[in-house]
Amino acid sequence: MRLLLCLSALLALVVTPAHAADISVEQYGYPLSNPFEATIATTPAPFRADLPEDDDIDQADYSLRLRPEREFTLPDNFWAVKRLTYRLAKQPGPAPLMFIISGTGASYSAGKTESLKRLFYGAGYHVVQLSSPTSFDFIAAASRYATPGYSPGDAKDLYRVMQAVRAQQHELPVTEFNLVGYSLGALNAAFVSKLDETRQSFNFKRVLMINPPVNLYTSISNLDKLVQMQVDAIDSTTTFYEVILEKLTRYYRQQGTINLDEAMLFDFQQSALRLTDEQMAMLIGSVFRFSAADIAFTSDLINRRGLIVPPKYPIDEGTSLEPFFRRALLCDFDCYITEQLIPMWRAQQDGGSMAQLVQQVSLYALEDYMRTSPKIGVMHNADDIILGAGDLGFLRRTFGERMTLYPRGGHCGNLTYRVNAHDMLEFFRG
């Protein structure tokens, strides 16, 4: 791995290109050259934007009662997600409002969502943090069919949530509405923006997509394949997680203390015990597989499909869900799409082939809208692990000067980097 690049903060802050592809790696200054490392460790603390702390933010959590029928049909141990929770950070007076849509499987309080909240709150926005339509809480409390993955349907669910937030916070003085999403939340943001063109509840001034999947199926396949990496020292007697734990234990003994945060991960990767590319890839893939299992389990349980949980199996607060989640872990995203999403799509939308579904749920479906709408922009990384062949070309052709391409950063690893933070704010300033 390369050493940290010694660029000054002043130079970093003035890099705000119309075409980020024109920036050299040296000029950009982001210190992590390995996309797996960037995805896991994100931005080292000295390179992050200066953001307000939670104690300086007027914020609170609120809940919405959107699917009241599920309060009676969901098991008792789902009590925490029978209502949808969101977080609102308020400015002291009239201000623009920023909706943030979280990434795959992430709740409204996820780390990256929190970072974006601090960024935009510090710039004078009211901020509403929303869970991903693929998160456990959203599926249970807000999703109409509890089968996320059909992007137009997910957008309608999100839009209903946003309208409910606005109604609940009707006294909040809002001067304009904006929207940002990262990862899958970025793709969701584009579909929500298109929906708003006809429903016009918000008339978003600006919409920003950060590291979106272009072809959703390609991105899912890329992440699923990471779990299949061949890793040294793993055999029939030693699991991948035991190898990782052994490395972390040795690092702890050397350091005398350990704190499992992004800074520790960065320091760990500078040590002789650093994870190999294959180990980092499998770690990323494993996190994604857990998200897939969560979606498959929750969707199956709510709809009583019987694929993971027997339809009439009695579940109460004392029931262990571990055996069902273990079964769900055997179902990757391809399995979820085949067994749950496609059957629902065919029944609800008179759908046809897998190719038709991929077209409808990916950014291809919005190509004309995104090309002609000046309000929508995209920020991406050239080394993002979710991209497939031709994806960057599609984005360049579609967005032109409204696309900012950074030379490195992995998947959302540079989201808190000071250059990116500055560029985000400039985009919304118009």
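Whatever comes next refers back to the structure up there.
Treat the numbers as computed from the prediction; the structure is a model and nothing was measured.

Participant: Would you explain the overall build of the protein in this entry?
Facilitator: Broken down by element type, the protein carries 18 helices and 8 strands. Among the 430 residues that make up the protein, the fraction classed as buried is 54%. Restricting the contact set of the protein to residue pairs at least 6 apart, pairs at least 24 apart contribute 78%.

Participant: Please explain the packing of aromatic side chains as it appears in this structure.
Facilitator: Each aromatic ring pair is summarised here by two numbers: the centre-to-centre distance and the angle between the ring planes. Counted by the stated rule, this structure contains 17 aromatic pairs. Taken together, a centroid distance of 5.4 Å and an interplanar angle of 75° make the contact between Phe99 and Phe202 edge-to-face. Within this pair, whereas Phe99 is found in strand β3 (residues 95-101), its partner Phe202 is found in the loop between α8 (184-199) and β6 (207-210), the two being separated by 103 residues in sequence. Across the pair, exposure class does not vary: Phe99 and Phe202 are buried alike. Between Tyr364 and Phe394, the aromatic rings sit 5.3 Å apart at their centres with planes inclined by 90°, giving edge-to-face as the arrangement. Here Tyr364 is found in the loop between α15 (354-361) and α16 (367-372), whereas its partner Phe394 is found in helix α17 (residues 391-399), with 30 residues between them in sequence. Residue classification places Tyr364 among the partly exposed residues on the basis of a relative accessible area of 25%. Taking the relative accessible area as the measure of exposure, Phe394 reaches 5% and is therefore buried. Here Lys194 stacks its cationic end above the ring of Tyr369, 5.9 Å away from the centre of that ring.

Participant: Hey, could you run me through α17 in this one?
Facilitator: Residues spaced three or four apart along an α-helix point in a common direction, a consequence of the helix completing one turn every 3.6 residues. Every buried residue of α17 is listed here: Asp391, Leu392, Phe394, Leu395, Thr398 and Phe399. Projected onto a plane normal to the axis of α17, the buried residues spread over an arc of 155° and lie on a single side. Lining the buried residues of α17 we find β6, α16, β7 (376-381) and β8 (403-406). In the segment just after α17, Gly400 is the residue with positive phi, at about 55°.

Participant: Just to check I follow, could you spell out the pairing of strand β2 (residues 84-89) for this structure?
Facilitator: Residues in a regular strand point their side chains to alternate faces of the sheet. Here β2 lies mainly inside the structure; 5 of its 6 residues are buried. Pairing geometry for β2 and strand β4 (residues 126-130), over 3 bridges, is antiparallel. Looking at the pairing, Arg87 lines up with Gln129 of β4.

Participant: Quick question: what am I supposed to make of the packing of helix α9 (residues 216-226) against helix α14 (residues 333-349) here?
Facilitator: Two quantities define a packed helix pair, namely the angle between the axes and the distance from one axis to the other. Relative to each other, α9 and α14 sit at 135°, their axes nearing to 9 Å. Put simply, α9 runs oblique to α14. Between α9 and α14, the residues in contact are Tyr217, Ile220 and Asp224 and Phe333, Asp334 and Ile337, respectively. Partitioned by chemical class, the residues of the contact of α9 with α14 number 4 nonpolar, no polar and 2 charged.

What counts as what
Residues numbered from 1 in each chain as written. Predicted model: local features only at pLDDT ≥ 70, side-chain atom pairs only at ≥ 80, totals over all residues. Heavy atoms only, no water. Helix = DSSP H or I, 4+ residues; strand = E, 2+ residues; numbered from the N terminus. Buried < 20%, exposed > 50% of the residue type's maximum accessible area, 1.4 Å probe, protein only. Contact = heavy atoms within 4.5 Å. Phe/Tyr/Trp six-rings, centres within 6.5 Å; stacked < 30°, edge-to-face > 60°. Lys NZ or Arg CZ within 6 Å of the ring centre and 35° of its normal. Arc of directions from axis to C-beta. Pairing = 2+ DSSP bridges. Axes fitted to C-alpha atoms, helices over the stretch in contact; angles between N-to-C directions. Parallel < 35°, antiparallel > 145°, perpendicular 65-115°, else oblique. Nonpolar A, V, L, I, M, F, W, Y, C, P; charged D, E, K, R; others polar.

Worth remembering: the numbers are spatial, not functional.
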